[in-house]
Amino acid sequence: MKILKTSLLPVVLLFIGAGSAFATNLSKEGKKALVQGHVIRADQPQQPCQEADIECQEDGTVICTVDVGMGSEPVFEKAGTSCGNNLYFN
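Here is a short report on the structure shown in this document. Computed from a predicted structure; not experimentally measured.

Enumeration according to the criterion identifies two disulfides in this entry. Shown here is the disulfide that connects cysteine 49 with cysteine 83, its sulfur atoms set 2.1 Å apart. For the disulfide bridge between cysteine 49 and cysteine 83, the dihedral angle about the S-S bond is near 100°, and by the sign convention the bridge is right-handed. Within this pair, whereas cysteine 49 is found in strand 2 (residues 49–56), its partner cysteine 83 is found in strand 6 (residues 82–86), the two being separated by 34 residues in sequence. In this pair, the class of cysteine 49 matches that of cysteine 83, namely buried. The side chain of cysteine 56 participates in a disulfide bridge whose partner is cysteine 64; the two sulfur atoms lie 1.9 Å from each other. In this structure cysteine 56 comes out as buried when scored by relative accessible area, which is 0%. Overall, the relative accessible area of 0% leaves cysteine 64 in the buried class. Indicated for the protein chain is the disulfide connectivity 1-4, 2-3, based on numbering the bonded cysteines in sequence order.

The rules behind these values
Residues numbered from 1 in each chain as written. Predicted model: local features only at pLDDT ≥ 70, side-chain atom pairs only at ≥ 80, totals over all residues. Heavy atoms only, no water. Disulfide = S-S within 2.5 Å. Helix = DSSP H or I, 4+ residues; strand = E, 2+ residues; numbered from the N terminus. Buried < 20%, exposed > 50% of the residue type's maximum accessible area, 1.4 Å probe, protein only.

Honestly, that's just the spatial picture; any functional story needs more than this.
Set out below in C-alpha cells:
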C-alpha cells in the first residue's frame, strides 16, 4: 500500500498541475483586453488623434467604427501622440 501511495501521488499531482495550467491558458485567451478608441482629425494639427467614446480590440476581422458627427469613421489605437493601428469590434 505504501508503494502505491508513493508512486501514485506524484502522478496525480502532475495531472492536477497540467490541468490547472491548461485552464488558466484558456481563461486568458477568452478575455481580450479592450483598448480606448481614437479618431483622426487632420483639420486639428495640434491634436490630430482624438479620443472617441468607444472601446475595441486590437485584433479581429471587422474594423471598429464610430459616428462622432462626421459619419462613420474608423477607430484607431493611440500610439504616442498619433493614431496607430486599426481597432476591431469584439
